[in-house]
Amino acid sequence: ITGIDRRTKKERKYMGKIIDDASFLKHRYMTLMRNLGAIIGPGVSFDGHADAKDMVEYERDSLIRLKKQGVNVPSAYGVHRLNDGDYILVMEFIEGKPLSRVELTDALMEQVFAALKTMHDSGVFHGDIKLDNFLCAGSDLVVVDCLKVNSADRQKAQDFDLICAICALAQKVPAAKVIELALKYHSEEELRRSCRLISTALNKVDLDLSVETIKQI
């Protein structure tokens, strides 16, 4: 979106994410489905939100927290109410493309695992790792979006992030290469633990892996 910078009074591009009642209800449904997947097999539980306002404020606070921990995320400028049930989160504009639309180089994939390592070492979880939640801006990787994960089991939440990253990247790159790069930032034990959550990851509607790739992982 285009707006006016309050400080410079000049026109400037921003990213805007609108969250309304429909977004909130969709999120509630997806949270229910993810938690059902966690019940069926070993997994993590996801926390819901009270309403659209709680949802958009959580995303703003998550971006601020990740930025403080050194993760490359868009700056969050504020939440604004549009009407009774609609809110907009205004963020720094990132000139880039999601990883789903670019060639996945070793350098980009390493940045994914490095970002996860930084987040996890700081006790922060993403909860919604997928290709469209990483932007390629030049040679840099920018992390966007997060889900509300129940952090009662910190290790399991970290393992879930890791298996989702492996599965997401393996949609476009051979699984063996993905694992090779993951091992530069995460231990073999971490990878083994994360693979126990693959059934939960596969319940995500945005993963498309062949049976052979799943076996390889």
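Predicted, not measured: the structure shown is a model, and the values here were computed from it. (Residues numbered from 1 in each chain as written. Predicted model: local features only at pLDDT ≥ 70, side-chain atom pairs only at ≥ 80, totals over all residues. Heavy atoms only, no water.)

Draft legend 1. Examining the packing of helix H4 (residues 154-169) against helix H6 (residues 188-195) more closely. Across the interface, H4 lies against H6 with an axial gap of 8 Å and an inter-helix angle of 85°. Looking at the two axes, H4 sits roughly perpendicular to H6. Contact residues: H4 offers Gln155, Asp159, Leu162, Ile163 and Ile166, while H6 offers Glu190, Leu191, Arg193, Ser194 and Cys195. Considering only residue class, the contact of H4 with H6 consists of five nonpolar, two polar and three charged. (Axes fitted to C-alpha atoms, helices over the stretch in contact; angles between N-to-C directions. Helix = DSSP H or I, 4+ residues; strand = E, 2+ residues; numbered from the N terminus. Parallel < 35°, antiparallel > 145°, perpendicular 65-115°, else oblique. Contact = heavy atoms within 4.5 Å. Nonpolar A, V, L, I, M, F, W, Y, C, P; charged D, E, K, R; others polar.)

Draft legend 2. Geometry of the environment of Gln216. Assignment of secondary structure puts Gln216 in helix H8 (residues 211-216). When its relative accessible area of 48% is taken as the criterion, Gln216 is described as partly exposed. Along the sequence, Gln216 and Ala175 sit 41 residues apart, while their C-alpha atoms lie 6.4 Å from each other. (Buried < 20%, exposed > 50% of the residue type's maximum accessible area, 1.4 Å probe, protein only.)

Draft legend 3. Region of the structure containing the side chain of Gln158. If you trace the backbone, Gln158 turns up in helix H4. A residue is classified by how much of its surface remains accessible, and Gln158, at 15% relative accessible area, is buried. A polar contact is formed between the side chain of Gln158 and the backbone oxygen of His120, at a distance of 3.0 Å. (Polar contact = N/O pair within 3.5 Å; in protein donor to acceptor, adjacent residues only side chain to side chain.)

Draft legend 4. Structural detail: H6. When H6 is considered as a whole, its buried residues turn out to be Leu191, Arg193 and Ser194. The buried residues of H6 all sit within an arc of 165° when viewed along its axis, so they share a single face. As for H6, its buried residues are in contact with H4, helix H5 (175-182) and helix H7 (198-202). (Arc of directions from axis to C-beta.)

Draft legend 5. Examining unusual backbone geometry more closely. For Lys9, which is not a glycine, the phi torsion comes out positive at approximately 65°. Along the chain, Lys9 turns up in the loop between strand S1 (2-4) and strand S2 (11-19).

Draft legend 6. Focus on the sheet that holds strand S4 (residues 87-92). Spatial strand order, S1-S2-S4-S3: four strands in an open sheet with antiparallel pairing. At either end of the open sheet lies a strand with only one pairing partner, and these are S1 and strand S3 (76-81). Each neighbouring strand pair of the sheet contributes to a mean axis angle of 40°, computed without reference to strand direction. Across the sheet, helix H2 (residues 52-68) lies against S2, S3 and S4, angled at about 15° from S4, the strand it touches most. (Pairing = 2+ DSSP bridges.)

Draft legend 7. Highlighting the sheet that holds strand S7 (residues 140-143). As summarised here, the arrangement of the three strands in space is S5-S6-S7, forming an open sheet in which the pairing is antiparallel. Each end of this open sheet is capped by a strand with a single partner; those strands are strand S5 (97-98) and S7. Direction of pairing for strand S6 (residues 134-137) relative to S7: antiparallel, over a ladder of four bridges. Each residue of the ladder has a partner; that of Ala137, found in S7, is Asp140. Against the sheet, helix H3 (residues 106-121) makes contact with S6 and S7, and its axis sits at roughly 40° relative to S7, the strand it touches most.

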